[in-house]
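The residues making up each chain are set out below.
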Amino acid sequence: AQRYNAVEDLAKEGLVERRSQSERADLLGMLARGQVYNGNLKGAIESIDEALRLEPGDLGHLFDEAWIYSHARQWDQAVMRFEKLRDMTADSNKKANRICLFTLSSIYVQKGDYRKGEEILEKIFEVDPEDTQVNNDLGYLWADQGKNLDRAEKMIRKAIASDPDNGAYLDSLGWVLFKLGKYEEAIDPIEQAVKKNTGGDSTLWDHLGDVRLKLKQVDKAVESWQRALKSAEMDKFSDPQLIERLKDKLKQHSPQPNQPKPAAPGTP
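Residues numbered from 1 in each chain as written. Predicted model: local features only at pLDDT ≥ 70, side-chain atom pairs only at ≥ 80, totals over all residues. Heavy atoms only, no water.

K.L.:
Explain the packing of helix α4 (residues 59-71) against helix α5 (residues 75-89) to me, using residue names and the numbers behind them.
P.N.:
Two elements in contact, α4 and α5, have axes separated by 7 Å at closest approach and are oriented at 155 degrees. It follows that α4 is roughly antiparallel to α5 by the angle criterion. Relative to α5, the crossing made by α4 is left-handed. Contacts from Leu59, Leu62, Phe63, Glu65, Ala66, Trp67, Tyr69 and Ser70 in α4 reach Trp75, Gln77, Ala78, Arg81, Phe82, Leu85, Met88 and Thr89 in α5. In the contact of α4 with α5, the residues fall into 11 nonpolar, 3 polar and 2 charged. (Axes fitted to C-alpha atoms, helices over the stretch in contact; angles between N-to-C directions. Helix = DSSP H or I, 4+ residues; strand = E, 2+ residues; numbered from the N terminus. Parallel < 35°, antiparallel > 145°, perpendicular 65-115°, else oblique. Left-handed = near helix turned anticlockwise from the far one by under 90°. Contact = heavy atoms within 4.5 Å. Nonpolar A, V, L, I, M, F, W, Y, C, P; charged D, E, K, R; others polar.)

K.L.:
Outline the pattern of salt bridges, supporting the account with residue identities and numerical values.
P.N.:
Close approach of charged atoms allows side chains with opposite charge to pair. Enumeration according to the criterion identifies 20 salt bridges in this entry. Across the pair Arg98 and Asp131 runs a salt bridge, and its minimum N-O distance is 2.8 Å. One end of the pair, Arg98, is in helix α6 (residues 94-111); the other, Asp131, is in the loop between α7 (114-127) and α8 (132-145), with 33 residues separating them in the sequence. Taking the relative accessible area as the measure of exposure, Asp131 reaches 10% and is therefore buried. Across the pair Asp206 and Lys249 runs a salt bridge, and its minimum N-O distance is 2.7 Å. With Asp206 in helix α12 (residues 202-214) and Lys249 in helix α14 (residues 240-253), this pair connects stretches of sequence that are 43 residues apart. Taking the relative accessible area as the measure of exposure, Asp206 reaches 7% and is therefore buried. Via salt bridges that share partners, Arg115, Glu118, Glu119, Glu122 and Lys147 belong to a single interconnected network. (Salt bridge = Lys/Arg side-chain N within 4 Å of Asp/Glu carboxyl O. Buried < 20%, exposed > 50% of the residue type's maximum accessible area, 1.4 Å probe, protein only.)

K.L.:
How would you explain the environment of Leu204 if you had to name every residue and give the values?
P.N.:
Positionally, Leu204 belongs in helix α12. On the basis of relative accessibility, which here comes to 9%, the residue Leu204 falls in the buried class. C-alpha of Leu204 to C-alpha of Leu246: the two residues are 42 residues apart in sequence and 12 Å apart in space. With sequence-adjacent residues up to four places away left out, Leu204 is seen in contact with Asp171, Ile190, Ala193, Val194 and Asn197.

K.L.:
Quick one: what's the story with α7, residue by residue and with numbers?
P.N.:
Across its 14 residues, α7 extends 20 Å between first and last C-alpha, which sits within 8% of the 20 Å expected from 1.5 Å per residue. What α7 keeps buried is the set Gly117, Glu118, Ile120, Leu121, Ile124 and Phe125. Burial along α7 is one-sided: seen end-on, the buried residues are contained in an arc of 160 degrees. Opposite the buried face of α7, by more than 90 degrees, sit the exposed residues Lys123, Glu126 and Val127. (Expected span 1.5 Å × (residues − 1). Arc of directions from axis to C-beta.)

K.L.:
Outline the packing of aromatic side chains, supporting the account with residue identities and numerical values.
P.N.:
Given two aromatic rings, one states the distance between the centres and the angle between the planes to describe the pair. Counted under the stated rule, the structure contains 5 aromatic pairs. Taken together through their ring pairs, the aromatic side chains of Tyr4, Tyr37 and Trp67 make up a single cluster. (Phe/Tyr/Trp six-rings, centres within 6.5 Å; stacked < 30°, edge-to-face > 60°.)

Written out as structure tokens, the structure is:
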């Protein structure tokens, strides 16, 4: 529900009472997540460090620590920790290891190292070409770069066949169709993705705006980018490059004061 102040308050309330070491560590983990969502990186690190002092080596707390740095866009710190977790779980916990690999791929892409992000996904795909998530994630990554588009579409459709209500997969489908120039087909899955996503993901709204612009729905495109910008700016650790791109799109396409709106398609 994005009520992060309430998360912090409840966790602190719980920590006042006498509790077992394990319970205190769990509450500190919850507190750390609330703090990082509120933009308090220093407090989040202190809380998760205390949790790890109470339960050294606990996998859940180590994951929380790595995720905190990732969410705060502290990429190098996040990579170091997720690589350590990847090595720790390589033989002992396949599920945790898989999460580490997907997260590392995402971080490398966020850093701009697309090739390294791809390599991780391609290795997963080689081992399990039927894996739903890797079909979506690798297909989306290719689509975002405008390459292997036909193959990317097939992979993303395979992912959706396994999980038809997944908003991220629907956005991926819309985006690869957009890259293929199939704008009429692209809009429906992205609109579905926006409706299903409760977090107000700025990337989904950005994609929707791009598709609407291609369909000459300029007013709706501007509205979508405005929603994307609002969502991006609300993030305490927002992506400055995304915000700049959105502002540029709005500057280019928003009606200027005293300037008439462009005529609708087909209007004489």
